[in-house]
Amino acid sequence: MTSLPLVDRVEKGLAAEAGEELRAFRGRLYGCLGRRADELFELTDALLCTDAPVKTLVGLCLAPEHRRGHGALYDALNCGRVEADRLRDGLAGLPVPRMFGGRIVLAVDATAWLRPDAECCPQRLFCHVYGRGRRGAKQRIPGWPYQLVVALESGPTSWTAVLDVIRLGPAEDATAVTAAQLRAVVVSSGVSISVSSVGMSFVAS
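Residues numbered from 1 in each chain as written. Predicted model: local features only at pLDDT ≥ 70, side-chain atom pairs only at ≥ 80, totals over all residues. Heavy atoms only, no water.

This paragraph deals with the environment of A184. Locating A184 in the fold gives a position in helix α5 (residues 174–189). Note on A184: relative accessible area 22%, which makes it partly exposed. It is 9.5 Å that separates the C-alpha atoms of A184 and A92, two residues lying 92 residues apart in sequence. (Helix = DSSP H or I, 4+ residues; strand = E, 2+ residues; numbered from the N terminus. Buried < 20%, exposed > 50% of the residue type's maximum accessible area, 1.4 Å probe, protein only.)

Okay, here's the thing in structure tokens:
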């Protein structure tokens, strides 16, 4: 977990302060991991630091950040535990980007992890996919839909701050899940919410 070197505490620049904030967040992230915490933490580092698309799980074992074998990788995925509520609190507690005027704007979107050939995978749904067929026609392909809540920021950047993610199940109502997900993020981040006829606005409390 201490892969980031300590910085000099005498002269702290912006880069040093950002490094300390990152180190503190990595400590909180490690605290959100239960069983197989060390392996899950190395697996996270491998996912973030690899410089090529990840096509297979076993390929992550080749990343320098992953120091264990492929057996530990599969063991962590099968038996490891992540405290989702504690992780949400940690993410929502970070400084949230703001739009012009200091307003916090949250966006909710779903992305699909397509699993058309994994017939034994539980709780697959038919996910809307665009641009894969002829002439960019939309299709419905079996997979797992994941719904993300992100904080938007103004300016030319396309970066967003991911605050929460959840996988939608076959029996879940997307509207009800969205409302509960937004409520949990708002409570964790400590902001007040006001609802208008055109949508929601979030003001720091």
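Let us keep going from here.
With that out of the way, let us pick up the packing of helix α4 (residues 84–92) against α5. Here α4 crosses α5 at 60°, and the two axes come no closer than 8 Å. In this view, α4 runs oblique relative to α5, as classed from their interaxial angle. Where α4 crosses over α5, the handedness of that crossing is right-handed. Between α4 and α5, the contacting residues are R88, D89 and A92 on the first element and A184, V185, S188 and S189 on the second. Grouping the amino acids of the contact of α4 with α5 by side-chain chemistry returns 3 nonpolar, 2 polar and 2 charged. (Axes fitted to C-alpha atoms, helices over the stretch in contact; angles between N-to-C directions. Parallel < 35°, antiparallel > 145°, perpendicular 65-115°, else oblique. Left-handed = near helix turned anticlockwise from the far one by under 90°. Contact = heavy atoms within 4.5 Å. Nonpolar A, V, L, I, M, F, W, Y, C, P; charged D, E, K, R; others polar.)

This paragraph deals with the packing of helix α2 (residues 37–49) against helix α3 (residues 70–79). Where α2 contacts α3, the axes come no closer than 9 Å and their chain directions differ by 105°. It follows from the interaxial angle that α2 and α3 lie roughly perpendicular. For the pair formed by α2 and α3, the contact residues are E39, L40 and L43 on the first element and A72, L73, A76 and L77 on the second. Its residues placed into classes, the contact of α2 with α3 shows 6 nonpolar, no polar and 1 charged.

With that settled, the discussion passes to the nonpolar core. One broad trend across soluble globular proteins is that nonpolar side chains are buried collectively. By size, the foremost hydrophobic cluster in this structure holds 8 residues: V96, I104, L106, V149, A151, L163, L182 and V185. Of all the elements in the fold, those that place two or more residues in this core are β3 (139–152) and α5. (Core = buried A, V, L, I, M, F, W, Y, C linked by side-chain atoms within 4.5 Å.)

Let us look at the pattern of salt bridges. Overall, the coordinates contain 6 salt bridges when judged by the stated rule. In this structure, the salt-bridge partner of D75 is R36, at a minimum N-O distance of 2.5 Å. Placement of the pair is D75 in helix α3 and R36 in the loop between α1 (14–31) and α2, with a sequence separation of 39 residues. For D75, a relative accessible area of 29% translates into the label partly exposed. A relative accessible area of 35% places R36 in the partly exposed class. A salt bridge links E42 to R67; its shortest N-O distance comes to 3.0 Å. Placement of E42 in helix α2 and of R67 in the loop between α2 and α3 is noted, with a sequence separation of 25 residues between them. Its relative accessible area of 5% is what places E42 among the buried residues. Linked by salt bridges that have partners in common, D38, E42, R67 and R68 make up one network. (Salt bridge = Lys/Arg side-chain N within 4 Å of Asp/Glu carboxyl O.)

Limitation: the analysis is restricted to geometry and does not speak to function.
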